[in-house]
Amino acid sequence: MTETLWPAPVATTAVDATVTIPGSKSVTNRALILAALAGEPSWVRRPLRSRDSQLMADGLRALGVGIEERVNNSSGGTGGGEAWRIIPAGQLRGPARVDVGNAGTVMRFLPPLAVLADGPVHFDGDPRSYERPQHGVIDSLRALGARIEDDGRGGFPLTVHGTGALDGGTVELDASSSSQFVSALLLSGARYNQGVEIRNVGGPVPSLPHIRMTVDMLRLAGAQVDAPQDGGEKDVWRVTPGALLGRDLVVEPDLSNAAPFFAAALVTGGRVTVRDWPKHTTQPGDQLREIYTRMGGSCRFTDDGLEFSGTGVIHGIEADLHDVGELTPVIAAVAALADSESHLSGIAHLRLHETDRLAALAKEINDLGGDVSETEDGLRIRPRPLHGGVFHTYEDHRLATAAAVLGLAVPGIQVENVATTAKTLPDFPAMWAALLDPTAARD
Ligand SMILES: O=C(O)C1=C[C@@H](OP(=O)(O)O)[C@@H](O)[C@H](O)C1
Ligand SMILES: C=C(OP(=O)(O)O)C(=O)O
């Protein structure tokens, strides 16, 4: 097979740009699920339009949900731009076929909703979807009363035999490999006859901010939720049965996708502003403010958004990224350009993400002359002078953006399959070019 290679542009001067980052994947896909389960239509404004959100929208459409994509709507409130009108199905329908791609949110969030369809829903996805853990969703749904046929190993392809309703109740699971198991059951749980109570009996759950996002969004849709974040029992989440309200929601920019753009400020000693950075958010990307500051940058809120400045000197970092694992690839790239060693921990679960991210980062950075080793639960990164070469991305959007960050400082990096960024950031190569072109960046 021939490789498609993208020459990562080198920064010849310090960047100085203001960037609009498309909507959050995690917020968009939760908003779509909650709108599909609501008792009335909803608006989702400034949604992310990417492979993962398109897969979610197509999956819901297959189940009978109406999703009208409108550009420049004038139906009021929050200004122009894109808005999706979501019309719940009344009765979700089967038979249906759903492609989950390699989208964790689609593969985990849709089966719990499909149990409410009135017929079989067949799920399949990319080869990697066969390897990513699904047991926390499938075994739990079975324990709550659902009939599911799988591949014999508890994963995709699988068929959920929807019967229009699910008893629900209490379920124990091991959510140490993905927070998405908990979010998935909570999101649909309000529509189960007895609601759902989820008890994690495994190790610590990663990505807790993403569960907070689920809880907050459920509450805003009118659901009653108990969660450890509010003093509830540790490792127990509960949603009471009830109708969900339609909402009019503006999706925040995807703060995790801001990671490479702020990294450009750090690496080049420049300045990048991300527009519309929320003052309060459950997105894990908000922790970039603290992490990149520890690495030598500084940030401040301006009238436009959040401005990050770098000096060109980057410090290594000791960081437990258990809560914010999806930031790891870009942080690892920045760390490889630092003036001292870094140790990233708490991220063993990244071996089960889009690819084995720990192995991939170590191999690809080392192939450029780096010195990265895998630890039991993370990476040790010792900065070395790097050289050009092909950086493989393993169909992982965040590997591609990490490679682009390295390319700012290291001439001759060729990124294989940069198009994989379309999972959450379809216009990445054009956005990156605009970042580096002062006239385009001053938009
Ligand atoms: O619920 C979500 O939207 C997400 C939860 C996290 O998954 P894990 O808990 O599997 O890491 C995160 O890494 C992923 O990018 C998005
Ligand atoms: C882990 C990620 O995605 P997914 O939703 O597919 O789990 C990610 O975006 O970094």
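Since we're looking at a predicted model, the values are computed, not measured. (Residues numbered from 1 in each chain as written. Chains lettered and ligands numbered in written order. Predicted model: local features only at pLDDT ≥ 70, side-chain atom pairs only at ≥ 80, totals over all residues. Heavy atoms only, no water.)

Draft legend 1. Seen up close, the domain arrangement of the chain. For the chain, the assigned domains read domain 1 (5-22 + 253-441) and domain 2 (25-238). Residue-level contacts link 24 residues of domain 1 with 24 residues of domain 2. Of the roughly 1900 Å² buried at the junction of domain 1 and domain 2 (both faces included), carbon and sulfur atoms supply 51%. Broken down residue by residue, the surface that domain 1 buries against domain 2 is led by Thr282, Leu352 and Lys423, which jointly contribute 32%. At the boundary of domain 1 and domain 2, one finds two salt bridges. In this structure, Asp52 and Lys423 form a salt bridge, with 2.8 Å as the shortest nitrogen-oxygen distance. At the boundary of domain 1 with domain 2, the tally comes to twelve residue pairs in polar contact (both at pLDDT 80 or more). (Domains from an automatic or database assignment. Contact = heavy atoms within 4.5 Å. Buried area = accessible area lost by both parts, 1.4 Å probe. Salt bridge = Lys/Arg side-chain N within 4 Å of Asp/Glu carboxyl O. Polar contact = N/O pair within 3.5 Å; in protein donor to acceptor, adjacent residues only side chain to side chain.)

Draft legend 2. Geometry of the sheet that holds strand E2 (residues 16-19). In space, the four strands of this open sheet follow the order E2-E15-E17-E16, with mixed pairing throughout. The strands lining the two open edges of the sheet, one partner per strand, are E2 and strand E16 (298-301). Strand after strand, the sheet turns through a mean of 15° between neighbouring axes, direction not considered. As paired elements, strand E15 (residues 271-275) and strand E17 (residues 305-309) share five bridges and run antiparallel to each other. Directly across from Arg271, in E17, lies its bridge partner Ser309. Along the sheet, helix H7 (residues 259-268) makes contact with E2, E15 and E17, crossing E15 at roughly 160°. (Pairing = 2+ DSSP bridges. Helix = DSSP H or I, 4+ residues; strand = E, 2+ residues; numbered from the N terminus. Axes fitted to C-alpha atoms, helices over the stretch in contact; angles between N-to-C directions.)

Draft legend 3. Up close: the sheet that holds strand E18 (residues 318-320). Spatial strand order, E18-E19-E21-E20: four strands in an open sheet with mixed pairing. Of all the strands in the sheet, just E18 and strand E20 (371-375) have a single pairing partner and so form its edges. The mean inter-strand angle of the sheet, taken between neighbouring strand axes irrespective of direction, is 10°.

Draft legend 4. Structural context of the site of ligand 2. In the vicinity of ligand 2, 14 residues are found, and the nearest of them are Lys25, Gly104, Arg132, Arg398 and Lys423. In the model, an oxygen atom of ligand 2 is placed 2.9 Å from a nitrogen or oxygen of the Arg357 side chain. In this structure, Arg398 approaches ligand 2 through a side-chain N or O atom, which is 2.6 Å from an oxygen atom. Burial of ligand 2 by the protein amounts to 97% of the accessible area it has alone, namely 300 Å². For the shell around ligand 2, the secondary-structure elements that each account for two or more residues are helix H3 (104-114) and helix H11 (397-409). For the shell around ligand 2, the per-class residue count stands at one nonpolar, six polar and seven charged. Lining the shell around ligand 2 are residues from two domains, each supplying at least three of them: domain 1 (5-22 + 253-441) and domain 2 (25-238). (Near = heavy atom within 4 Å. Areas by Shrake-Rupley, 256 points an atom, 1.4 Å probe, with all protein chains shown as cover. Nonpolar A, V, L, I, M, F, W, Y, C, P; charged D, E, K, R; others polar.)

Draft legend 5. The UniProt feature "binding site: 3-phosphoshikimate" (unreviewed entry) in the chain, seen in detail. Per the UniProt record, "binding site: 3-phosphoshikimate" (unreviewed entry) is annotated on Lys25, Ser26, Arg30, Ser178, Ser179, Gln180, Ser207, Glu326 and His353. Structurally, Lys25 can be placed in helix H1 (residues 25-37). The residues touching Lys25, leaving out its near neighbours within four places in the chain, are Leu48, Asp52, Asp254, Glu326, Arg398 and Thr424. (UniProt positions renumbered as here; feature names shortened; annotations may be inferred.)

Draft legend 6. Main features of helix H4 (residues 135-143). By the burial criterion, the buried members of H4 are Gly136, Val137, Ile138, Ser140 and Leu141. Of the surrounding secondary structure, the elements contacted by the buried residues of H4 are H3, strand E8 (147-149), strand E9 (158-161), strand E10 (169-173) and helix H5 (180-189). (Buried < 20%, exposed > 50% of the residue type's maximum accessible area, 1.4 Å probe, protein only.)

Draft legend 7. The pattern of salt bridges, seen in detail. Considering all chains together, one arrives at 33 salt bridges under this definition. Here Glu341 makes a salt bridge to Arg380, at a shortest N to O gap of 3.2 Å. Of this pair, Glu341 sits in the loop between helix H9 (328-335) and strand E19 (342-345) while Arg380 sits in strand E21 (residues 378-382), placing them 39 residues apart in sequence. What makes Arg380 partly exposed here is its relative accessible area of 25%.

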